[in-house]
Amino acid sequence: MPIEPRLIVTGHSPQGDAVFVEDRRPESVTVQALPGADFYLLWGTADGEPRVGEKDAEPVLRPYFPGVGGSRALFLRWAAHSSEPEPVVDPADIASEVAAKLPGLLDPFEDDGDGMHTTDTIDYAICLEGELCLTLDNDAEKTLTPGTCVIQLGTRHAWHNKSDQPALMCYVQIGAVRV
C-alpha cells in the first residue's frame, strides 16, 4: 500500500503550551514539465535567519527553491517509467503552467531536456518507496532504494525513475551560498 503524505504542524496555545495546529493530507500539485509526478508541498521557511516561536506561523512554499537561509520540505512521487505520460511539446505552455503552480522550478534546469540541473541548496533526499536513479556528471549513477538518504551539496544532477513502480521521495532543501 503506497504511503499517503500527511502533514502535522505544532505550535503554541495562547497560554504557551505546545499544541497541534494542523493535521492534514496535502493536495498534490502536477505540472506538464514532469509528467505523472505528484508534488506535495509540505512546509517552508522564509529566506534569512530561521525562527521558531512565532504565533500563527505560515509556510513559505514558493518560489520552489529557497533562497539563502530559507527551507522547503516536500514529498515528490515520481511516476513509474512505464506509466509516464507523453510530455507536452509546447514549451511556452509548460513554462506558463510551472510559473503559476511551482514558480522557480525550471530555473536551474539545463536547456537540453535531460533533467540535469544545479541548485544553490543543500538537499536531504530520502527514498521512502520504490527506486529512483540519481545521475551526476559523466553519467555516474546510483539507484536509491527505501531508506537511502542522499546529501546533495549543490552538484549538477538529474533524477529518473527507470523502474516499473512509482517512487516516493522526501526532499528537504536549505538555501545556501555557493562558494
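Within any chain, residue numbers begin from 1 and follow the written order of that chain's sequence. Local features in this predicted model are restricted to residues whose pLDDT is 70 or higher, and side-chain atom pairs enter the listing and the counts only when it is 80 or higher, whereas totals over whole chains, interfaces and linings include all residues. Think of the side-chain values as coming from all heavy atoms in the structure, minus any hydrogens and water.

Asker: Whenever I open this one, the side chain of Arg-77 confuses me. Can you help?
Answerer: Numbering goes from the N terminus for both helices and strands, where a helix is a DSSP run of H or I of at least four residues and a strand is a run of E of at least two. Note on placement: Arg-77 falls in strand β4 (residues 71-78). The exposure class of Arg-77 is buried, given its relative accessible area of 11%. Under this definition, polar contacts are N or O atom pairs within 3.5 Å; protein pairs additionally need one hydrogen-donor-capable and one acceptor-capable atom, and for neighbouring residues in sequence, both atoms have to be side-chain atoms. Within the local environment of Arg-77, its side chain forms a polar contact with the backbone oxygen of Ile-3, the two atoms lying 2.6 Å apart. Note on contacts: a residue pair qualifies if any of its non-hydrogen atoms lie within 4.5 Å across the two residues. Once you skip the residues sitting within four places of it in the chain, Arg-77 turns out to touch Pro-2, Ile-3, Pro-5, Gly-36, Ala-37, Asp-38, Tyr-40, Glu-129, Pro-166, Ala-167 and Leu-168. Buried means the residue's accessible area, taken with a 1.4 Å probe over protein chains only, is under 20% of the maximum for its type, while exposed means over 50%, and partly exposed covers the values in between.

Asker: Is there a simple way to explain the nonpolar core in this structure?
Answerer: One recurring pattern in soluble globular proteins is that nonpolar side chains are buried together. Core analysis: the largest hydrophobic core is formed by 24 residues, its most contacted members being Phe-39, Tyr-64, Trp-78, Leu-102, Trp-159, Met-169 and Tyr-171. Listed by contribution, the elements that provide at least two residues to this core are β3 (38-45), β4, α1 (91-101), β5 (121-129), β6 (132-135) and β10 (167-175). Trp-78 has contacts with Leu-34, Leu-132, Trp-159, Asn-161, Pro-166, Ala-167, Met-169 and Tyr-171, leaving out every residue within four places of it along the chain. Buried Ala, Val, Leu, Ile, Met, Phe, Trp, Tyr and Cys residues form a nonpolar core when they are joined through side-chain atoms within 4.5 Å. In terms of nonpolar packing, the next biggest core, distinct from the first, is built from seven residues, Val-9, Tyr-40, Leu-42 and Phe-75 among them.

Asker: Just to check I follow, could you spell out a nonpolar patch on the surface for this structure?
Answerer: The grouping of Tyr-124, Ile-151, Leu-153 and Ile-174 at the surface amounts to a nonpolar patch, some 350 Å² of accessible area in total. Take Tyr-124: it is sitting in strand β5. Nonpolar side chains (Val, Leu, Ile, Met, Phe, Trp, Tyr) are joined into patches within 5 Å and like charges within 9 Å, using only residues with over 30% relative accessible area and no salt bridge. Note on areas: Shrake-Rupley with a 1.4 Å probe; residue coverage comes only from the protein chains shown. A pairing counts as a salt bridge when a side-chain nitrogen of Lys or Arg comes within 4 Å of a carboxyl oxygen of Asp or Glu.

Asker: Would you mind showing me how to read unusual backbone geometry here?
Answerer: Most peptide bonds take the trans form, and the phi angle of most residues other than glycine is negative. Following Arg-62, the chain continues to Pro-63 via a peptide bond in cis, the omega torsion being 5°. Of note, Pro-63 is situated in the loop between β3 and β4. Phi at Asn-138 takes a positive value of approximately 60°, unusual for a residue other than glycine. Within the element layout of this structure, Asn-138 appears in the loop between β6 and β7 (141-144).

Asker: What should I look at first to understand the environment of Lys-101 in this one?
Answerer: Within the secondary structure, Lys-101 is located in helix α1. For the pair Lys-101 and Tyr-124, spaced 23 residues apart in the sequence, the C-alpha separation amounts to 23 Å. The residues contacting Lys-101, other than those within four sequence positions of it, are Val-29, Thr-30, Val-31 and Arg-62.

Asker: Explain the sheet that holds β6 here, please?
Answerer: Strands in a sheet are paired, the pairing made by backbone hydrogen bonds, and the direction either parallel or antiparallel. If DSSP finds at least two bridges between two strands, the strands pair. One open sheet holds the three strands; their spatial order is β7-β6-β9, and the pairing between them is antiparallel. What marks the edges here is a single partner per strand, and that holds for β7 and β9 (158-160). Taking the axes of each pair of neighbouring strands and ignoring which way they run, one obtains an average angle of 25° across the sheet. Where β6 and β7 come together, four bridges link them in antiparallel fashion. Bridge assignment links Leu-132 to a residue of β7, and that residue is Leu-144. Only the contacting stretch of a helix is used when fitting its axis, a line to C-alpha atoms as for every element, and angles between N-to-C directions run 0 to 180 degrees.

Asker: Which parts of the structure should I look at to understand the sheet that holds strand β8 (residues 149-153)?
Answerer: Ordered in space as β3-β4-β10-β5-β8, the five strands form an open sheet in which the pairing is antiparallel. With partners counted over all chains shown, the strands left at the sheet margins are β3 and β8, one partner each. Averaged over all pairs of adjacent strands, the angle between strand axes in this sheet comes to 15°, irrespective of strand direction. In this structure, β5 lies alongside β8, joined through five bridges in antiparallel fashion. Its bridge partner being in β8, Ile-126 is matched across the sheet by Cys-149.

Asker: Sorry, what's going on with the side chain of Gln-173 here?
Answerer: Mapped onto the elements, Gln-173 comes out in strand β10. On the basis of relative accessible area, Gln-173 is assigned to the buried category, the value being 3%. With sequence-adjacent residues up to four places away left out, Gln-173 is seen in contact with Tyr-64, Phe-65, Pro-66, Gly-70, Ser-71, Arg-72, Leu-74, Thr-121, Ile-122 and Asp-123.

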